[in-house]
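# A look at the structure
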Amino acid sequence: DAITEMSDPESAAALDFVLVVGGWDSSNTAHLLEIPIAAGMTGYHINEASCIAADGTITHRTVEGEVVTTTDFLPLDRPARIGVTSGASTPDSVVQECLEQLVLLKSLSGEE
C-alpha cells in the first residue's frame, strides 16, 4: 500500500517527512504513523489544517499519543518532499485543507 511504499528505504531517503491526516482517536490513523516512524522517517499525525501554523510550527500527535508542537518542520529554503496519507474515514476535503495550508506556509516564506 501507499504508506509502505513511502516507507521503503529508497522513498524514505527522498522524503522530508510523511504527513498523516486523520482523527487523533483513530487507531487506524495512529497505525499509519507507526509505519514511517519504524522505518526511521520523520512523520507528523495531524487532525486538521489548523495544526499547521503560519509561524512555521506543526502541532501533531506522536506514536506515543502525546500532542506536541514542533518548530521549523517544513524546509523553507528549497522545495519540500512530503509523503501524504490519511485514515480511511478522513474526508478528502480535510486532506486538501492540510495540503493548502502547507502551500500557504511555503508561499509566505517566498518559496513555492
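In this report, we go over the structure that sits alongside the text. Going along each chain's sequence as written, the residues are numbered from 1 onward. The model is predicted, so local features are restricted to residues of pLDDT at least 70 and side-chain atom pairs to those at 80 or more, both for listing and for counting; the totals for chains, interfaces and linings are taken over all residues. In computing side-chain values, all of the structure's heavy atoms are included and hydrogens and water are not.

## Digging into the overall build of the protein chain
- Going along the chain from the N terminus, every DSSP run of H or I of four or more residues is numbered as a helix, and every run of E of two or more is numbered as a strand. For the protein chain, the helix and strand inventory stands at four helices and five strands.
- For 112 residues, the compact-globule estimate of 2.2 N^0.38 gives 13 Å, and the C-alpha radius of gyration of the protein chain, at 13 Å, lies within 12% of that figure.
- Overall, the C-alpha framework of the protein chain stretches about 35 × 30 × 25 Å when taken along its three principal axes.
- For every residue, the accessible area (1.4 Å probe, protein chains only) is compared with the maximum for its type, and the residue is labelled buried under 20%, exposed over 50%, or partly exposed between those bounds. Taken over 112 residues, the protein chain has a buried fraction of 39%.
- The contact criterion used throughout is that any non-hydrogen atoms of two residues lie within 4.5 Å. Excluding contacts between residues fewer than 6 apart, the proportion of contacts in the protein chain whose partners are at least 24 apart in sequence is 63%.
- Accessibility throughout is a Shrake-Rupley quantity obtained with a 1.4 Å probe, and a residue counts as covered only by protein chains that appear here. As displayed, the protein chain has an accessible area near 5900 Å², and 50% of this comes from carbon and sulfur atoms.
- Distance between charge centroids for the protein chain: 7 Å, based on 4 positive and 18 negative side chains. The size measure is the radius of gyration over C-alpha atoms, and the globule rule it meets is 2.2 Å times the number of residues to the 0.38 power. Only four residue types enter the tally: Lys and Arg on the positive side, Asp and Glu on the negative side; His and the chain ends are excluded. By convention, the charge on Lys lies at NZ, on Arg at CZ, on Asp at CG and on Glu at CD.

## Description of the pairing of strand S3 (residues 57-61)
- In terms of residue burial, S3 counts as a mostly covered element, since four of its five residues are buried.
- In terms of strand pairing, S3 meets strand S4 (residues 67-71) through five bridges, oriented antiparallel. Note that in S4 the partner of threonine 59 across the bridge is threonine 69. When DSSP finds two or more bridges between two strands, those strands count as paired.

## Some points on unusual backbone geometry
- The phi dihedral of aspartate 72 is positive, around 50°, even though this residue is not glycine.
- Note that aspartate 72 resides in the loop between S4 and strand S5 (82-86).

## Focus: the pattern of salt bridges
- Note on definitions: salt bridges are taken to be side-chain nitrogens of Lys or Arg within 4 Å of carboxyl oxygens of Asp or Glu. Considering all chains together, one arrives at two salt bridges under this definition.
- Between aspartate 16 and arginine 78 there is a salt bridge, and its shortest N-O distance comes to 2.6 Å. One end of the pair, aspartate 16, is in the loop between helix H2 (9-14) and strand S1 (17-21); the other, arginine 78, is in the loop between S4 and S5, and 62 residues separate them in sequence.
- Assessed through its relative accessible area of 29%, arginine 78 is described here as partly exposed.
- For aspartate 16, the salt bridge goes to arginine 81, with nearest N and O atoms at 3.3 Å. Residue aspartate 16 is located in the loop between H2 and S1, and its partner arginine 81 is located in the loop between S4 and S5; the two are separated by 65 residues in the primary sequence.
- Taken together, the shared-partner salt bridges in this structure form one network comprising Asp16, Arg78 and Arg81.

Keep in mind that these numbers describe shape and distance, not what the molecule does.
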